[in-house]
Amino acid sequence: QPQLVESGGGSVQPGGSLRLSCVASGETLDIYAIGWFRQAPGKGRDWVACIGSSGRVDEYSDSVKGRFTISRDNAKFMMYLQMNNLTPEDTAIYYCAARPSSSVVEVTTAAYNYWGQGIQVTVSS
């Protein structure tokens with residue numbers, strides 16, 4: 001079972017950028033698909049982006065498409081979420097998650113088996 005730990009969060013002004021990282025341990029990473037989710041204050045946990053086990057296929061929610069980029073480096077047991085042109089609506093706790101890889105793109109929290117602890121991203125003037 002992989003263990004996931006996020007890093008790279010913080011506070012930025014609108015229009016700024018952050019890159020979140022997530023390191024995995026405990027099992028070979030290349031058999032898992034990876035998702036990023038976020039939970040804003042008082043809101044549910046929403047899907048942000050996902051990437052297949054090989055890194056060839058990625059998908060994004062409409063709210064972040066064109067601004068965020070998901071990537072992974074299986075050899076380093078790392079996955080990333082590059083966030084550009086941030087807005088206050090992006091303020092949330094961000095989570096990385098993993099699931100056994102398949103040909104199906106999964107965007108629900110229930111589809112993911114393993115989760116990081118979450119990390120705060122705050123976008124404010």
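Everything discussed here concerns the structure shown above.
What you are looking at is a predicted structure, and each value in this text was computed from that prediction instead of being measured. (Residues numbered from 1 in each chain as written. Predicted model: local features only at pLDDT ≥ 70, side-chain atom pairs only at ≥ 80, totals over all residues. Heavy atoms only, no water.)

1. Some remarks on the pairing of strand β7 (residues 68–73)
Burial along β7 is one-sided: Phe68, Ile70 and Arg72 are buried, and none of Thr69, Ser71 and Asp73, which face the opposite way, are. Pairing analysis gives six bridges linking β7 to strand β8 (residues 78–83), with the strands arranged antiparallel. Along β8, the bridge assignment pairs Phe68 with Met83. (Buried < 20%, exposed > 50% of the residue type's maximum accessible area, 1.4 Å probe, protein only. Helix = DSSP H or I, 4+ residues; strand = E, 2+ residues; numbered from the N terminus. Pairing = 2+ DSSP bridges.)

2. Quick word on a nonpolar patch on the surface
On the surface, Val5, Val23 and Phe77 cluster together into a nonpolar patch covering about 220 Å² of accessible area. Relative to the elements of secondary structure, Val23 occurs in strand β3 (residues 18–25). (Patch = residues over 30% accessible without salt bridge, like charges linked within 9 Å, V, L, I, M, F, W, Y side chains within 5 Å. Areas by Shrake-Rupley, 256 points an atom, 1.4 Å probe, with all protein chains shown as cover. Salt bridge = Lys/Arg side-chain N within 4 Å of Asp/Glu carboxyl O.)

3. A closer look at the packing of aromatic side chains
Inspection of the entire model under this criterion finds five aromatic pairs. Their ring planes at 55 degrees and their centres at 4.9 Å tell us that Phe37 and Trp115 sit as a pair that is tilted. Taken together, the residues span a long stretch of sequence, with Phe37 in strand β4 (residues 32–39) and Trp115 in strand β10 (residues 114–115) at a distance of 78 residues. When the ring of Tyr95 is compared with that of Trp115, the centres are 6.4 Å apart and the planes differ by 80 degrees; the resulting orientation is edge-to-face. You can see Tyr95 sitting in strand β9 (residues 92–100) and its partner Trp115 sitting in strand β10, a full 20 residues away along the chain. (Phe/Tyr/Trp six-rings, centres within 6.5 Å; stacked < 30°, edge-to-face > 60°.)

Fair warning: the whole summary comes from geometry, so function is off the table for now.
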